[in-house]
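Summary of structural features
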Amino acid sequence: GVLLNWLAAAARVGADDRALILCLDRKLKHFLATRLGLDCVACQLAARPGPNGTQGTSSSAKKQKNATNKTPPPSEVYHKRIWRARVAALATLLARNVSVTLSDLDAVWLRDPAAYLRAADVVASRGSYPRTLFDAWGATACMGFVHFNLNARAFVHHRLAARIARNGDDQIAINEALRAARVQWAAGPATPTDAAPARPLEYHTSRTVDTGFSASPPLSVALLPHDKFVRRCE
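The sections below set out a description of the structure shown in this document. Owing to the predicted nature of the structure, the values given are computational and were not obtained by experimental measurement.

Concerning unusual backbone geometry
Cis geometry marks the peptide bond from Y129 to P130; its omega dihedral reads 5 degrees. If you trace the backbone, P130 turns up in the loop between strand 4 (122-127) and helix 5 (131-137). A cis amide bond links S216 with the next residue in sequence, P217, at an omega value of -5 degrees. Mapped onto the fold, P217 is located in the loop between strand 7 (210-215) and strand 8 (218-223). The backbone of N97 shows a phi angle near 65 degrees, a positive value even though the residue is not glycine. With respect to the element layout, N97 can be found in the loop between helix 4 (74-95) and strand 3 (100-103). Its relative accessible area of 51% is what places N97 among the exposed residues.

Observations concerning the pattern of salt bridges
Here the structure, examined in full by the defined rule, presents nine salt bridges. The partner of K29 in a salt bridge is D39, with the nearest N and O atoms 3.7 Å apart. With a gap of ten residues between them, K29 in helix 2 (residues 26-35) and D39 in the loop between helix 2 and strand 2 (41-42) connect regions that are remote in the sequence. On the basis of relative accessible area, D39 is assigned to the exposed category, the value being 64%. Among the salt bridges present, the one from R86 reaches D170, with a minimum N-O distance of 2.4 Å. You can see R86 sitting in helix 4 and its partner D170 sitting in helix 7 (residues 170-180), a full 84 residues away along the chain. For the pair R86 and D170, one class covers both residues: buried. Each of the salt bridges in this network shares a partner with another, and the network as a whole consists of R86, D104 and D170.

Focus on helix 2
Its side-chain oxygen placed 3.2 Å from the backbone nitrogen of K27, D25 serves as the N-cap of helix 2. Looking at the residues trailing helix 2, positive phi occurs at G37, about 70 degrees.

Details of the state of the cysteines
Here the structure, examined in full by the defined rule, presents one disulfide. A sulfur-sulfur distance of 1.9 Å marks the disulfide that ties C23 to C40. Between C23 and C40, the S-S dihedral sits near -125 degrees, and the bridge is therefore left-handed. Residue C23 is located in strand 1 (residues 22-23), and its partner C40 is located in the loop between helix 2 and strand 2; the two are separated by 17 residues in the primary sequence. Accessibility classification places C23 together with C40 in one group, the buried group.

Calculation notes
- Residues numbered from 1 in each chain as written.
- Predicted model: local features only at pLDDT ≥ 70, side-chain atom pairs only at ≥ 80, totals over all residues.
- Heavy atoms only, no water.
- Helix = DSSP H or I, 4+ residues; strand = E, 2+ residues; numbered from the N terminus.
- Buried < 20%, exposed > 50% of the residue type's maximum accessible area, 1.4 Å probe, protein only.
- Salt bridge = Lys/Arg side-chain N within 4 Å of Asp/Glu carboxyl O.
- Polar contact = N/O pair within 3.5 Å; in protein donor to acceptor, adjacent residues only side chain to side chain.
- Disulfide = S-S within 2.5 Å.

In structure tokens:
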């Protein structure tokens, strides 16, 4: 039902013909094909990670488990497998010269966002997670709605992919990758250590696009105004 609602909204704004559905199981793929006449791409999840999000059961993973004595809940492990698969699909499409918009199904399109998607190499809605970077910047890039133009290929392949493999959380990964790239927000000069702007970005009160830039790799980033790309409904 959530997928159909998203597709209906996309159709109303004339964007449904640009949608690519990734299916994680055969039942959904069969249902969409036989009941709705919709095709989707079967997306195979990566091998089930070890207890701390690492692949397999290496001795280092076992040592880490013994040291922390913590095992993530199954839902967290499953979500991280999905997020890793999503970034893998993103990297594959960019490598084939296809720009990509990732949209969660609860990010319903009320208007065609195409005019905003040319604002930078990476164009993202705003979030408040991870908290450390939210506190430093005033807002973070949200993976619930984010667009990657072709100039973001090096950033995705060399920075984002490495961090999603290590952590599994795509929103932590993209924001840590931006910090590692020393993105400087136009809202204020960045410090050499944490790239925190002198004037914080805005989150739910934002009404304009904020931009940031990195030299290594060359990258421009745009955070969309929250009043038009709403994350926090009140």
